[in-house]
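# Residue-level structural notes
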Amino acid sequence: MSGYRIPTDGEELRTYLFSPRAGFIYDFLVDGSASYSFDQDVAVELYRVANWVRTAALINREFGRQSVNTSLALGVRQFLDLGCGLPAGPQAAVPDLHEMIAKTQQGCPVVYVDHDPHVYGYARCDLDVRPPHRVTPVHADLLDMQELLHMPEVTRALDLTQPVAAILHDCLPWNEDDDEVAQALAVLRAWLPEGSTLSITHLTGHWDPATVSALVAVYGKHGIRARPRTREQIAALFGNFIHRELGLAATAQWSDDGPFCRHPPIHSAAFAGLAVKDTARNLHDDEAEPAGKATR
């Protein structure tokens, strides 16, 4: 796998250990406890550029709950969280995926994948793998999707005769190469069984390009590459999967009564969508709306 490895050279190792990383900045923004002072300093810089940046992170976390509930309502009982980030812990306002699922459906396998070895280490140490949970942390790079999906940890955990919920929340913007991202998503969509769901949130400058560009510049100053994408580019990542509910919309718009439902779209700074693999409907229903068509 091309998942990031911890450097062994002294100077490179020091840079790795004492440089901010997107996942740890995000952890600080959502009230996590794993970030370091240099991550927190960057978060403060981001806040000075856009005072809604913490709200955007919290909205993204809240959408995770909605995504899980929608997939469960559709009968999906297996979950693949790609770019999972740091564990939130069971006491968080929005807990980790397997904790959310267990509140209504126990025994569902959940595979957590992240390319950062530090995040992977936290996942192995902090996630509750005891029954009724069936949790599998995996260290892999989603841009190597073909290899990732055939790793023994993944193939042992997931039954491909049954639908799988694939979750990619705020992970694709940290991959700049549009072609590599598109190829990875094409491989994932082809691999997913019928009835599976694909849930994506993605940074965009759709509502305030100047401010989002300023955020990207702050990240870049600290060696973190971020790639906002347009509504059309994000919509294409769903291929011909069939949208549920709102289609592709500002993340906060997915909740009619949640804590962020009245926030304007720029406070999301991201599009969110959840779509279903339904080949039969795509072939036979002329009125079916493919997920690639953004609705908002």
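Just above sits the structure.
Read on for an overview of the structure. Here the structure is a predicted model, which means the values were calculated and not measured.

### Thoughts on the side chain of S268
Relative to the helices and strands, S268 is located in the loop between β7 (249-250) and β8 (270-276). For S268, a relative accessible area of 4% puts it in the buried group.

### Thoughts on the packing of helix α2 (residues 22-29) against helix α3 (residues 37-49)
Interhelical geometry of α2 versus α3 gives an angle of 70° and a closest axis separation of 9 Å. As judged from the angle between their axes, α2 and α3 are roughly perpendicular. Judged by the sense of rotation from one axis to the other, the crossing of α2 with α3 is right-handed. Contact residues: α2 offers F24, I25, F28 and L29, while α3 offers D39, Q40, V42, A43 and L46.

### Some words on the pattern of salt bridges
Across all of its chains, the model carries eight salt bridges by this definition. Of the charged contacts, one joins D178 and R229 as a salt bridge, the two residues approaching to 2.9 Å between their closest N and O atoms. With D178 in helix α9 (residues 178-191) and R229 in the loop between α10 (209-221) and α11 (231-236), the pair connects residues that are 51 residues apart, well separated along the chain. Taking the relative accessible area as the measure of exposure, D178 reaches 31% and is therefore partly exposed. According to the relative accessible area criterion, R229 is buried, its value standing at 4%. In this structure, the salt-bridge partner of E232 is R231, at a minimum N-O distance of 4.0 Å.

### Some words on the pairing of β8
Judged by how many residues are buried, β8 sits mostly within the fold: seven of seven residues are covered. Here β8 shows no split at all, with A270, A272, L274 and V276 on one side and F271, G273 and A275 on the other all buried. Of the strand pairs in this sheet, strand β5 (residues 197-203) and β8 are connected by seven bridges, and their pairing is antiparallel. Bridge pairing in β8 links S199 to L274. Two strands pair when backbone bridges link them, and β7 and β8 are joined in this way by two bridges, in the antiparallel orientation. Note on β8: the bridge partner recorded for A249 is A272.

### Some thoughts on the environment of Q106
By secondary structure assignment, the location of Q106 is in the loop between α5 (97-102) and β2 (109-114). Q106 gets classed as exposed once you look at its relative accessible area, which sits at 56%. Q106 sits 25 residues away from P131 along the chain, and the two C-alpha atoms are 8.8 Å apart.

What counts, and at which threshold
- For every chain, the first residue of its written sequence is number 1, and the numbers climb from 1 along that sequence.
- Totals for whole chains, interfaces and linings use all residues, but because this is a predicted model, local features are given only for residues with pLDDT of at least 70 and pairs of side-chain atoms are given and counted only at 80 or more.
- Each side-chain value is worked out from all heavy atoms of the structure, with water and hydrogens disregarded.
- Numbering goes from the N terminus for both helices and strands, where a helix is a DSSP run of H or I of at least four residues and a strand is a run of E of at least two.
- Per-residue accessibility, obtained with a 1.4 Å probe over protein chains only, is compared with the maximum for each type, and a residue is labelled buried under 20%, exposed over 50%, and partly exposed between these values.
- Helix axes use the C-alpha atoms of the stretch in contact, all axes being lines fitted to C-alpha atoms, and the angles between their N-to-C directions lie in the range 0 to 180 degrees.
- Any angle that is under 35 degrees is reported as roughly parallel, and any over 145 degrees as roughly antiparallel; angles of 65 to 115 degrees are reported as roughly perpendicular and all others as oblique.
- Throughout, a crossing is termed right-handed when the near helix is turned clockwise from the far one, and left-handed when it is turned anticlockwise from it by less than a right angle.
- Contact criterion: two residues are considered in contact whenever any of their non-hydrogen atoms come within 4.5 Å of each other.
- A carboxyl oxygen of Asp or Glu within 4 Å of a side-chain nitrogen of Lys or Arg is what we treat as a salt bridge.
- Note on pairing: two strands pair once DSSP finds at least 2 bridges between them.

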